[in-house]
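Results of the structural survey
The residues making up each chain are set out below.
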Amino acid sequence: MIKEGVILGKRYEILGRVGSGGMADVYKGKDHKLNRYVAIKVLKSDYRSDQVFIKKFLSEAQAAAGLMHPNVVNVYDVGQDRGLYYMVMELVEGITLKDYIEKKGRLSAKETVSIAIQMVTGLQAAHNQHIIHRDIKPQNIIISKDGKVKVTDFGIARATTSTQTISTSVMGSVHYTSPEQARGGVVDEKSDIYSIGITLYEMVTGHVPFDGDSTVSVALKHLQEQITSPAEEVEDLPYSLECIIMKCTQKSPNLRYHDCASLLLDLKRSLVDPDGDFVVPGAGAATDTDRTVVMSTEELEQVQQRQYNTDDDYDDDDEEYDDDEEEDDDDDDYDRRRQDRRRKNNNVNSDTKRIMKILMIVAGVVVALLVLFLVANAAGFFSGPGLVQEESEMVKVPDLRGKTEEEARAELKDTGLGLTVKNERQPSNKYDEGEIMSQDPEPGEEVEMHSTITVILSSGEEAKTTEVPNVVGRSESEAEEMIQDANLVVRHESANSDDVESGYVISSDPEAGTEVEEGTEVTIVVSLGAEQATVPDLRNKTASAAESALADAGLSGSASEEYSDSVPEGQVISQSIDPGQKVDKGTTVSYVVSRGPETKYVNVPGLGGYTEADARSRLENAGLTVGNVSYAYSNTVGEGYVIDQTASPGSSVEEGTSVGFTVSRGPEPQQPEEPSGGDGTDTGDGTETQQD
C-alpha cells in the first residue's frame, strides 16, 4: 500500500486508497498540474517484476485511453515512477452497480432499462473502437452521484477482431462469463452482450442465474444449462424486458443480439412499450433493424377520434408474465409461452392494437432520437466545428514571470492556454508590484492544449526571508508540508539511493539552514530505493565467467568449492539467489564451484601372519586391489602365510590402489651332498613369483 502524500510522476498526489482488486490497488489522487482529483490505479507488487504482464498493463491502458465517452471512465495518463506502474483515470464519485443492487435487493424494470441504456451506450463506444471489454459485471459499472452510468476497468480488454480467441487465464468473472469465453473459444462483441444479459438478470432478480461451490462448476453451468426466465421469479416483469434478457443470454452467439446498436434499439422500445412483442428471438442482423411504418388515412382518423391511455408503466399488474425463452431442447416451451402471450394480445380489438403499436413505434423513435441527441451533446459532438473531437495537442508553457496579468493574457491568447491568478499576492525582491513572480506549470513544460496556468502576482513589498528546514530523511509528504509551512515552494525530483529508504528525502537544494526569500523554490530529491539489478544465471559457468556476469549486472560474488559427481570440475554447481530475482545493486551473490568427484583415501591393512586367502580378503575389504603375489622360502614363517607386503601397514593410499605381498613356502629344503671330487652347482634361490 502506498502512503498518503506520495507524489507520482511529479504531479499526482496519493490521497488515500479507495479500492483494491486482484491485480491493482486504486487510490484517490490529485493532479497538481491540472488541479483536479483523479483515480490512480497502481499495479500490485506481485506483478511488477513480470515484464510480460507490465507490457500488457501498459498496452491495455493505452487502448483504454483512446476511449473518450460520457458512459466510460476515461483514462488520462499512464506511467512509471519508483518502480510503480500506474494508470490515471477519471475519478467518479458514486457507487458500483453491484453495491446498488445489494442495497436495494433488486431493481425495478424501469430503473433496470434506464441503467442498461447508458451501460450499453458506453460499451458500444468501446466496440466501435474494436475493443472488447471481456469482464462486464456489476462491479465494473459505476453509478455517479448525479446518476451517470459509466463502464470501467478494461483490465483484461483488448483491441481485437472477431477471429481472436482468449484463454482461460484471462477469463472474466466466472458468474458473468459467456460460454465461448469459458471454453476458450472465439470472443467478440456478442460475448460482452451475454455478460450484459447476466447483469440485467441480476438487476431484476437480485442474484446471478448460476452459482456453485467452485468456479469450474459455475463455468460448466454456463456451458450446459439454460438460464431460467427471470419472469418465473419476478411476476410483474415486463414481457419485452424478459425477452431482451433471454436473447442476450442465449448459449449460441448467433442467437444473441449481433451488436450493441440492436440491443439499444430494443431497450429504448421497452421504455415506451414494455409489453410489446417486438424482440425477435435468434434473429440475424437483417431482421434486427428498425423499419418505417406508414399510417393509412383511415388509421389517422381513428387516432383522432379515439383516446388511449399512454401512461403504461412497468408497475402495471394487469398481466402475468410466465414466459421462459430457451434454445435448443426448450424451444417448444418458449414457443408455447409466446403463443399464450399472443392469444392474450389478440383479445384486444385488432384495430386498437394496431394503432397502439404504431403510436408506440413513433414514440420509440422520438425517444431514441432524443437519447441520441443527449448522448452526442454530452460527448461534445456539438461543441466544435467538427463532429469528432480531435486528440489533445501538447503546448509548451511560456515564461510569464515578470509580466503583468494583461501582458500574460495577451501572450497566451494564441497558445490555447488559460490563465488563473491567485487572489493572494506575495512579496518579492525581484519583481515589481503586479508582475508575475511564479507560475505553475513551470516555463518550458509541455501540457495539453486548453490547460490552465496558475500564477502568483508580486505585491511589491520587500520579501521576508526564511530558513530552509532540514527535511533529509523525512517522508516526501512530511518534507513537503515542512517546506510549505516555511512559505517556500516545493519542487520534486527522485533518484536511487543505497542508504535512504524509498519515499524518503535524500537531499534538498538549497540545503537545510540556508536563508532564502519566502516563496523560493526548494528542490527535494526523493529516494527510489537502491537501484535494482537482475541476478544472472551462474550455473554451469566457470568461476571467471560467473564473476564477469555478476560484475556486468552490478553485483559481487563470493565463491566456495565442493566435490560433485555430476558437475565438471571448475563449473558452478549452485548459487545463493535464484536467477531472475531483483535485488539491490552491489548485493553479494554466493556460488559453489565444483571440485570434481571426491578422491577417497584408505589405510593399508597389515597382512603379515595371514594366509594368502585372508590377505586377499583384507585388501578387498579395505577398498584396495591385490597386486603381485610372490612366494619364497622362510625358516621363520610357516608355509602359506604372508611374509611381507609392498605397502606399509597403516599407510594412507588412494582407494583402489594395488598392494602386493609375499607368501611363505616354508623352510628351504636341504641340498644333497655332492660326491667327492665333484663340481656341483647351485640351481637357484628357491623363490617363485605369481602374478594375479
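Above this text sits the structure in question.
For every chain, the first residue of its written sequence is number 1, and the numbers climb from 1 along that sequence. Per-residue local features of the predicted model are confined to residues with pLDDT of at least 70, and side-chain atom pairs are confined, for both listing and counting, to 80 or more; whole-chain, interface and lining totals are unaffected and use all residues. Hydrogen atoms and water are omitted, and side-chain values are computed over all heavy atoms in the structure.

**Notes on the sheet that holds strand β10 (residues 149-151)**
Sheet strands pair by backbone hydrogen bonding; their relative direction is either parallel or antiparallel. When DSSP finds two or more bridges between two strands, those strands count as paired. Only DSSP runs of H or I covering at least 4 residues are called helices, and only runs of E covering at least 2 are called strands; the numbering of each starts at the N terminus. Across the sheet, 3 strands lie side by side as β7-β9-β10; this open sheet has antiparallel pairing. Edge positions in the open sheet fall to β7 (94-96) and β10, since each of these has one partner strand only. With strand direction ignored, the average angle separating the axes of adjacent strands in the sheet is 30 degrees. Here β7 runs beside strand β9 (residues 141-144); their pairing, made up of 3 bridges, is antiparallel. Note on β9: the bridge partner recorded for threonine 96 is isoleucine 142. We call two residues contacting when some pair of their heavy atoms lies within 4.5 Å. Convention adopted: a line fitted to C-alpha atoms gives each axis, helices being fitted over their contacting stretch, and angles between N-to-C directions are expressed from 0 to 180 degrees. Running over the sheet, helix α2 (residues 97-104) touches β7 and β9 and is turned about 85 degrees from β7. In this fold helix α3 (residues 109-128) packs onto β9 and β10, with an angle of close to 35 degrees to the strand it touches most, β10.

**Re the sheet that holds strand β14 (residues 436-440)**
Spatial ordering of the open sheet is given by β13-β16-β14, a layout of 3 strands whose pairing is mixed. Looking at strand neighbours, the two that pair on one side only are β13 (418-421) and β14, the edges of this open sheet. For this sheet, the mean angle separating the axes of adjacent strands, direction not counted, is 30 degrees. With 4 bridges joining them, β14 and strand β16 (residues 452-457) adopt antiparallel strand pairing.

**Here's the deal with unusual backbone geometry**
Across the junction of aspartate 440 and proline 441, the peptide omega takes the value 5 degrees, indicating a cis bond. Looking at where proline 441 falls in the secondary structure, it is placed in the loop between β14 and β15 (446-448). Proline 510 follows aspartate 509 through a cis peptide bond whose omega is 0 degrees. Turning to its location among the elements, proline 510 is positioned in the loop between β19 (505-509) and β20 (515-517). Although it is not a glycine, histidine 130 adopts a positive phi angle of roughly 60 degrees. For histidine 130, the location among the structural elements is in the loop between α3 and β8 (131-132).

**Details of the packing of helix α5 (residues 189-205) against helix α7 (residues 239-248)**
Relative to each other, α5 and α7 sit at 140 degrees, their axes nearing to 7 Å. As the angle between them shows, α5 and α7 are arranged oblique. The two elements α5 and α7 cross, and the hand of that crossing is left-handed. Where α5 abuts α7, its residues Ile193, Tyr194, Gly197, Leu200, Tyr201 and Val204 lie against Leu241, Ile244, Ile245 and Cys248. Geometric relationships in this document are graded by angle, where less than 35 degrees denotes roughly parallel, more than 145 denotes roughly antiparallel, 65 to 115 denotes roughly perpendicular, and other angles denote oblique. By convention the crossing between two helices is left-handed if the near helix lies anticlockwise of the far one by an angle smaller than a right angle, and right-handed if it lies clockwise.

**A few points about the side chain of glutamine 250**
For glutamine 250, the location among the structural elements is in the loop between α7 and α8 (260-272). In the analysis that follows, any N or O atom pair within 3.5 Å is treated as a polar contact, provided that within protein one partner can donate a hydrogen and the other can accept it, and provided that, for residues neighboring in sequence, both atoms belong to side chains. In terms of polar contacts, glutamine 250 uses its side chain to reach the backbone carbonyl oxygen of methionine 246, at 2.8 Å.

**Details of the pattern of salt bridges**
Salt bridge criterion: a side-chain nitrogen from Lys or Arg within 4 Å of a carboxyl oxygen from Asp or Glu. Across all of its chains, the model carries 22 salt bridges by this definition. Between aspartate 188 and lysine 190 there is a salt bridge, with its nearest N and O atoms 4.0 Å apart. Exposure categories follow from relative accessible area, calculated using a 1.4 Å probe and restricted to protein chains: below 20% of the type maximum is buried, above 50% is exposed, and the middle band is partly exposed. Taking the relative accessible area as the measure of exposure, aspartate 188 reaches 11% and is therefore buried. Note that glutamate 493 is salt-bridged to arginine 491, the shortest N-O span being 2.8 Å. You can call arginine 491 partly exposed: its relative accessible area is 27%. Salt bridges sharing partners connect three or more residues here, namely Arg11, Asp31 and Arg36.

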